[in-house]
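# Close look at the chain arrangement
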Amino acid sequence: MTPRVEIHYCTQCRWLLRAAWMAQELLTTFQDEIGEVALVPGSGGVFEIHADGKRLWSRADDGGFPDIKVLKGLVRDAIAPDKTLGHSEPEPE
């Protein structure tokens, strides 16, 4: 069974475009690893990303929005730890 990624976004804040762009980036990078990306509308400033039910990013807890390289690293670590991301590899901290 291929993993499901969910991007929960706030409709009041008009974050659909950001969520859709991140979904496109993830589907392009993980075309063989992700089975589905769901855009989940919400309210109250929510912006969270989950992979198979595990929260990878929360705007409230992690402070703002993830850089796309950081997000790809988080998703890779959660669903395809052996995959190399090439130029999208997050910088070591």
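Residues numbered from 1 in each chain as written. Predicted model: local features only at pLDDT ≥ 70, side-chain atom pairs only at ≥ 80, totals over all residues. Heavy atoms only, no water.

An unreviewed UniProt entry lists the protein under the name SelT/SelW/SelH family protein, from Aeoliella straminimaris.

Within the chain, R14 stands out as a residue other than glycine whose phi angle is a positive 60°. Tracing the backbone through its elements, the reader meets R14 in the loop between strand 1 (4-10) and helix 1 (16-29). According to the relative accessible area criterion, R14 is exposed, its value standing at 71%. Of note, the phi angle at D52 is positive, near 50°, even though the residue is not glycine. Locating D52 in the fold gives a position in the loop between strand 3 (47-51) and strand 4 (54-58). The exposed category is assigned to D52, whose relative accessible area is 55%. (Helix = DSSP H or I, 4+ residues; strand = E, 2+ residues; numbered from the N terminus. Buried < 20%, exposed > 50% of the residue type's maximum accessible area, 1.4 Å probe, protein only.)

As a further point, take the nonpolar core. Within the largest apolar cluster, 23 residues are counted, with the highest numbers of intra-cluster contacts made by I7, I34, F47, I49 and V75. Of all the elements in the fold, those that place two or more residues in this core are strand 1, helix 1, strand 3, strand 4 and helix 3 (68-79). (Core = buried A, V, L, I, M, F, W, Y, C linked by side-chain atoms within 4.5 Å.)

Following the criterion strictly, the structure yields three aromatic pairs and no others. Ring centres of W15 and F47 lie 6.2 Å apart, and the angle between their planes is 85°; this geometry places the pair in the edge-to-face category. Residue W15 is located in the loop between strand 1 and helix 1, and its partner F47 is located in strand 3; the two are separated by 32 residues in the primary sequence. Given the relative accessible area of 15%, W15 is considered buried. F47 sits in the buried class, given a relative accessible area of 1%. Centre to centre, the rings of F47 and F65 are 4.9 Å apart; their planes meet at 80°, and the pair counts as edge-to-face. Remark: F65 occurs in the loop between helix 2 (59-62) and helix 3 and F47 occurs in strand 3; sequence separation between them is 18 residues. (Phe/Tyr/Trp six-rings, centres within 6.5 Å; stacked < 30°, edge-to-face > 60°.)

Here strand 1 runs beside strand 2 (residues 36-42); their pairing, made up of seven bridges, is parallel. Bridge pairing in strand 2 places R4 opposite E36. For the handedness criterion, the β-α-β arrangement of strand 1, helix 1 and strand 2 is classed as right-handed. (Pairing = 2+ DSSP bridges. Right-handed = clockwise from strand over helix to strand, strands pointing away.)

Within the open sheet, the four strands sit side by side as 2-1-3-4. Their pairing is mixed. Pairing within the sheet leaves two strands with one partner each, and these edge strands are strand 2 and strand 4. Strand-to-strand, the axes of this sheet are offset by a mean angle of 20°, without reference to chain direction. (Axes fitted to C-alpha atoms, helices over the stretch in contact; angles between N-to-C directions.)

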